[in-house]
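Chain residues, written in single-letter form:
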Number of protein chains: 2
Amino acid sequence: MGLQGSGVAEEKEWPIEGVIELSFPDEETARIVYESVLYEHESVPYRRSRIEFLREGNRVIIRFLARDNSALRGTLNSYLRWIKVAMDSLEV
Amino acid sequence: MGLQGSGVAEEKEWPIEGVIELSFPDEETARIVYESVLYEHESVPYRRSRIEFLREGNRVIIRFLARDNSALRGTLNSYLRWIKVAMDSLEV
């Protein structure tokens, strides 16, 4: 990815930031999905992105910083895949 | 994806929302990347996600709503890939 070792990376350590919020029908569903993914969240050491993974009521929230575009894609794909697996197992 | 046709989709039409902000070293770089991707943004009709694609100063901003997790992954991967292509062509 072009950002690594580039002017962008030198100017700002984490040039990408953002948030994704997923709303579930109820707090219990959000809690089950959150706790399933929390295990993965706590297991994986990321170096090129930083993730805050939260639940607020019926919402699951992913806040992130990333060093570059490809780090961000890898990280978001992991989290969204884990959330999908958790949801599929609930059949919500 | 579990959300389609599920309780979640029935409860809320766009259960996923979020924003990604990418900072560039200067406004000119952000403008060039933004305008390259804007062409793609305006060409593609999305049905399962809604995207606002903006530039503010040296930042390129993607705001999104999605019907489900897989729609979101597809959409974000497209935008992040287009941004990468634009950046690679600039060698930033």
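Here's a quick rundown of the structure. (Residues numbered from 1 in each chain as written. Chains lettered and ligands numbered in written order. Predicted model: local features only at pLDDT ≥ 70, side-chain atom pairs only at ≥ 80, totals over all residues. Heavy atoms only, no water.)

Counting residues in hydrophobic clusters, the biggest one holds 45 residues, and the most contacted among them are Ile20(A), Phe53(A) and Ile20(B). Setting aside residues no more than four positions away along its own chain, Ile20(B) makes contact with Ile16(A), Glu17(A), Gly18(A), Phe64(A), Leu72(A), Leu76(A), Val60(B), Ile61(B), Ile62(B), Phe64(B) and Leu76(B). (Core = buried A, V, L, I, M, F, W, Y, C linked by side-chain atoms within 4.5 Å. Buried < 20%, exposed > 50% of the residue type's maximum accessible area, 1.4 Å probe, protein only. Contact = heavy atoms within 4.5 Å.)

Take the pairing of strand 2 (residues 49-56) of chain B next. Residue and element names in this part refer to chain B. In this structure, strand 2 lies alongside strand 3 (residues 59-66), joined through eight bridges in antiparallel fashion. Note that in strand 3 the partner of Phe 53 across the bridge is Ile 62. Connecting strand 2 to the antiparallel partner strand 3 that follows it, the hairpin turn spans two residues, and Gly 57 within it adopts a positive phi of roughly 60°. (Pairing = 2+ DSSP bridges. Helix = DSSP H or I, 4+ residues; strand = E, 2+ residues; numbered from the N terminus.)

Right, let's get into the sheet that holds strand 3 (residues 59-66) of chain A. The strand order across the open sheet built from six strands is 2(A)-3(A)-1(A)-1(B)-3(B)-2(B), with neighbouring strands paired in antiparallel fashion. Among the strands making up the open sheet, the edge pair consists of strand 2 (49-56) of chain A together with strand 2 of chain B. Along the sheet, successive strands turn relative to each other by an average axial angle of 10°, direction set aside. Taken strand by strand, helix 2 (residues 27-43) of chain A contacts strand 2 and strand 3 of chain A, and its axis lies near 155° from that of strand 2 of chain A. (Axes fitted to C-alpha atoms, helices over the stretch in contact; angles between N-to-C directions.)

All names here are of chain A. What the rule picks out here adds up to 16 salt bridges over all chains. Measuring nitrogen to oxygen at the nearest pair gives 3.0 Å for the salt bridge that ties Arg 59 to Glu 56. One connected set of salt bridges, linked through shared partners, spans Glu 21, Glu 56 and Arg 59. (Salt bridge = Lys/Arg side-chain N within 4 Å of Asp/Glu carboxyl O.)

Scanning all chains against the criterion turns up one cavity of 30 Å³ or more. Considered as a void within the structure, the largest cavity measures approximately 40 Å³ in volume. The wall of the largest cavity is formed by Arg73(A), Leu76(A), Asn77(A), Leu80(A), Arg73(B), Leu76(B), Asn77(B) and Leu80(B). Mapped by element, the contributors of at least two residues to the lining of the largest cavity are helix 3 (69-90) of chain A together with helix 3 (69-90) of chain B. (1 Å grid on protein atoms, 1.4 Å probe; cavity = no way out; pocket = protein on both sides within 12 Å on 5 of 7 lines; lining within 4 Å. Points joined across faces, edges and corners; volume = space filled by probe spheres on them.)

With that out of the way, let us pick up the side chain of His41(B). Residue position: His41(B) is located in helix 2 (residues 27-43). Setting aside residues up to four positions removed in sequence, His41(B) forms contacts with Ile51(B), Phe53(B), Tyr79(B) and Trp82(B).

All names here are of chain B. Their axes nearest at 9 Å, the elements helix 2 and helix 3 cross at an angle of 135°. One way to sum up the angle between helix 2 and helix 3 is to call them oblique. With respect to the hand of their crossing, helix 2 and helix 3 are arranged in right-handed fashion. When helix 2 is examined against helix 3, the residues Thr 29, Ile 32, Val 33, Ser 36, Val 37, Glu 40 and His 41 are found in contact with a partner set consisting of Tyr 79, Trp 82, Ile 83, Ala 86, Met 87 and Leu 90. The residue inventory of the contact of helix 2 with helix 3, partitioned by class, reads nine nonpolar, three polar and one charged. (Parallel < 35°, antiparallel > 145°, perpendicular 65-115°, else oblique. Left-handed = near helix turned anticlockwise from the far one by under 90°. Nonpolar A, V, L, I, M, F, W, Y, C, P; charged D, E, K, R; others polar.)

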